[in-house]
There are 2 protein chains.
Amino acid sequence: MSQNQSVISVDLGGTNLRLGAVDSQGQVRHFQKLSSKSRGTEILEQLVEAIREVEENLKKEGEEILGIALGVPGIVDLKEGVVYQSPHFPDWKQVPIRRYFEGKFSYPLFLDNDAHLIARGEAWKGVAQEIRNFILLTLGTGVGGAIVWEGRLLSGDSGFAGEFGHMVIESEGVSCPCGSRGCFEMYVSATGILHHLEKGGRIDSNEKMTVEKLHESALNGDIAAHAAFQRMGSFLGIGIASLVNITGIQTVVLGGGVSRAWDFFIEPAKKEIVRRTYSETASRILLKRAILGDEAGLLGGGAVFFQKS
Amino acid sequence: MSQNQSVISVDLGGTNLRLGAVDSQGQVRHFQKLSSKSRGTEILEQLVEAIREVEENLKKEGEEILGIALGVPGIVDLKEGVVYQSPHFPDWKQVPIRRYFEGKFSYPLFLDNDAHLIARGEAWKGVAQEIRNFILLTLGTGVGGAIVWEGRLLSGDSGFAGEFGHMVIESEGVSCPCGSRGCFEMYVSATGILHHLEKGGRIDSNEKMTVEKLHESALNGDIAAHAAFQRMGSFLGIGIASLVNITGIQTVVLGGGVSRAWDFFIEPAKKEIVRRTYSETASRILLKRAILGDEAGLLGGGAVFFQKS
């Protein structure tokens with residue numbers, strides 16, 4: 001009997017580190033969700049340690065390890081294997097991540113932007129199966145994205161595509177840590193939603209508010225929390241309308257932690273989409289919820305090795 | 001000796017109607033530039049008459065006519081051959097243009113969005129030869145666009161891609177005839193530039209001002225004209241930065257009548273691009289001027305029939 005094969009898949013998010021082993025059927029095992037110990041490159045050491053643990057488990061089980069897939073937020077040069085800039089890890093500048101991993105492991109490394117891996121995961125085992133053209137938006141600490149056209153990820157010139165978070169929706173709007181102003185991310189991400197509430201004095205910055213808590217408040221009937229998601233929804237609709245006008249792609253998949261508040265933001269989003277796209281387009285737009293949650297990025301790593309396109 | 005082959009190519013712009021015959025070498029003959037007699041569907045009759053003239057000329061010369069290529073501004077469903085909406089022809093609603101042409105001519109009709117044909121033209125015989133990935137922006141009466149990735153035009157789900165003019169850059173900015181607000185087009189197209197000057201009382205709406213005249217004034221040292229292009233350039237840079245962040249494509253080709261004022265808008269555009277893209281990206285962005293002018297769309301029609309990709 002031939003040996004079972006697995007991929008070690010890692011999703012390095014803005015807040016959490018997720019990893020596990022993915023098999024050819026899309027089963028995730030040895031799943032771990034850790035909070036990032038640092039915002040510097042020391043997190044790579046934490047990562048190597050966690051990977052070693054999964055590796056040992058797989059070896060005990062007699063699995064063949066095909067490779068490691070690693071999703072990183074930010075500007076990732078796929079050809080060079082270098083992370084140039086990562087908004088959530090401000091100390092990361094030109095980190096030669098492929099070289100680092102090649103010194104530690106003998107498996108092939110597939111490096112990609114984190115949102116791109118989530119798109120691959122949803123296309124392989126999630127809500128976007130059989131969908132040839134779609135846009136994916138991850139609404140988390142920041143906003144990530146991917147464009148899939150005819151079943152392929154649009155990578156752009158160096159793999160830098162899908163930075164939807166830095167599409168400008170207010171030419172001189174809210175300052176963004178990236179140096180620009182009015183970035184989409186500052187209106188629809190967790191960071192953006194909380195920033196707006198803080199600025200308006202609605203929450204105390206010491207209060208350790210989170211979007212999860214805000215969502216709970218909205219569920220309990222809190223009007224201010226409800227309004228915060230309504231506002232976010234309107235801006236989300238504006239951004240989605242622009243993306244549809246630009247790409248002509250009419251299926252939009254929304255994932256990330258903030259998307260759990262779906263019921264509170266989706267109606268205002270739809271209203272702006274209808275207002276800002278041609279009527280022929282608007283009637284064809286499908287908004288879908290990503291369904292793979294924490295496993296999406298990991299499955300995307302699996303898809304790279306296992307999926308026949 | 002085998003017969004020479006030609007394509008009859010038509011570019012229906014917001015203001016002008018251009019047509020001619022294109023041969024396999026990319027030579028344009030029997031070129032005509034007419035002003036549109038109407039904004040209704042009657043323009044189609046004018047079009048048929050003009051095509052018949054080119055057809056007769058080609059027949060006299062013994063040319064074989066391979067087909068007709070027609071570029072139309074607006075929302076064109078390539079599969080159905082229907083123009084759904086065209087911002088510059090407000091009476092056009094669901095015009096079954098393919099059926100109309102098939103009743104008049106026996107040649108195959110290739111229908112596309114006008115900016116898409118311009119991109120095909122620049123890729124075949126213009127500034128984008130050998131460039132596998134580029135974004136094209138036409139700055140004319142409105143703003144059109146195209147995304148070319150790995151040598152292929154991104155068409156989206158129904159051919160509606162590239163409506164860059166309706167990317168929102170100010171969530172509640174200037175009203176756009178499309179029904180939205182803050183559309184990119186209202187800041188960087190001829191319409192947008194003149195609208196802003198009128199609103200500011202700098203030009204009289206009866207004055208029949210044009211961007212050509214404004215450009216001349218700028219060349220003659222007129223400070224207000226200069227400022228108008230500076231303002232337009234800043235907004236152009238904002239839109240380009242968003243497009244680069246979204247697509248990861250780093251070569252941007254600018255065409256259309258307004259692009260003749262290049263020297264007056266390009267520096268403020270670059271400044272905004274640098275401010276609003278990651279430094280790794282910004283340093284790689286190339287801004288290029290389209291070089292085919294009035295013939296670009298016609299050559300794009302030729303490319304469809306003659307270009308081996």
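So, a few notes on the structure that sits alongside this text.

### Quick notes on the interface of chain A and chain B
- Counting from both sides, the interface comprises 50 residues of chain A and, opposite them, 50 residues of chain B.
- Buried surface at the junction of chain A and chain B, both sides included, amounts to about 4,600 Å², of which 47% is carbon and sulfur.
- Linking chain A with chain B are eight salt bridges.
- Salt-bridge contacts for A:R275 lead to B:E172; the nearest nitrogen and oxygen are separated by 3.0 Å.
- Residue assignment for the side of chain A that touches chain B shows that the elements contributing at least two residues are β5 (75-77), β6 (82-85), β10 (143-149), β11 (152-153), α7 (223-247), α8 (262-276) and α9 (279-282) of chain A.
- With seven residues, α7(A) is the largest single contributor of residues to the side of chain A that touches chain B.
- Within the side of chain A that touches chain B, the residues separate by chemical class into 19 nonpolar, 19 polar and twelve charged.

### Focus on unusual backbone geometry
All names here are of chain A.
- Despite not being glycine, H30 has its phi angle at roughly 55°, a positive value.
- Among the structural elements, H30 can be located in strand β3 (residues 28-35).
- The exposure class of H30 is partly exposed, given its relative accessible area of 25%.

### A short note on the relation of the copies chain A and chain B
- Expressed as a screw transformation, the operator carrying chain A onto chain B has a rotation angle of 180° and an axial translation of 0.0 Å, and the superposed copies differ by an RMSD of 0.0 Å. Expressed as a symmetry operation, the mapping of one chain copy onto the other fits a two-fold axis.
- Both copies contact each other with a shared surface, as 100% of the interface residues of chain A are interface residues in chain B too.

### Notes on the sheet that holds strand β6 (residues 82-85) of chain B
All names here are of chain B.
- Overall, antiparallel pairing links the three strands, which are arranged β5-β6-β7 in an open sheet. At either margin of the open sheet sits one strand with a lone partner, and together these are β5 (75-77) and β7 (93-95). On average, adjacent strands in this sheet sit at an angle of 20° to one another, irrespective of strand direction.
- In the sheet, β5 pairs with β6 via three bridges, with the strands oriented antiparallel. Residue pairing in the sheet places I75 in a bridge with Q85 of β6.

### Focus: the pairing of strand β12 (residues 251-255) of chain B
Residue and element names in this part refer to chain B.
- The buried fraction of β12 is high, at five of five residues.
- Of the two faces of β12, both are covered, the one formed by T251, V253 and G255 as well as the one formed by V252 and L254.
- Both strand β9 (residues 134-139) and β12 contribute to a ladder of four bridges, which runs parallel. Directly across from L136, in β12, lies its bridge partner V253.
- Across four bridges, β12 lies against strand β13 (residues 286-289) in parallel orientation. Each bridged residue has a counterpart across the sheet, and for L254 the counterpart in β13 is R289.

### Description of the sheet that holds strand β4 (residues 64-72) of chain A
Residue and element names in this part refer to chain A.
- The mixed open sheet is built from five strands, whose spatial order is β3-β2-β1-β4-β8. Edge strands, defined here as strands with exactly one partner in the open sheet, are β3 and β8 (109-113). Put simply, the sheet's adjacent strands are angled 15° from each other on average, direction ignored.
- Relative to β8, β4 runs parallel, the two sharing five bridges. By the bridge assignment, V72 is partnered in β8 with N113.
- Where helix α1 (residues 43-60) meets the sheet, it contacts β1 (5-12), β2 (16-23), β3 and β4, and its direction lies at approximately 160° from that of β3.
- Taken strand by strand, helix α3 (residues 114-125) contacts β1, β2, β4 and β8, and its axis lies near 100° from that of β8.

Procedures and definitions
Residues numbered from 1 in each chain as written. Chains lettered and ligands numbered in written order. Predicted model: local features only at pLDDT ≥ 70, side-chain atom pairs only at ≥ 80, totals over all residues. Heavy atoms only, no water. Contact = heavy atoms within 4.5 Å. Buried area = accessible area lost by both parts, 1.4 Å probe. Salt bridge = Lys/Arg side-chain N within 4 Å of Asp/Glu carboxyl O. Helix = DSSP H or I, 4+ residues; strand = E, 2+ residues; numbered from the N terminus. Nonpolar A, V, L, I, M, F, W, Y, C, P; charged D, E, K, R; others polar. Buried < 20%, exposed > 50% of the residue type's maximum accessible area, 1.4 Å probe, protein only. Least-squares fit on C-alpha atoms with pLDDT ≥ 70 in both. Pairing = 2+ DSSP bridges. Axes fitted to C-alpha atoms, helices over the stretch in contact; angles between N-to-C directions.

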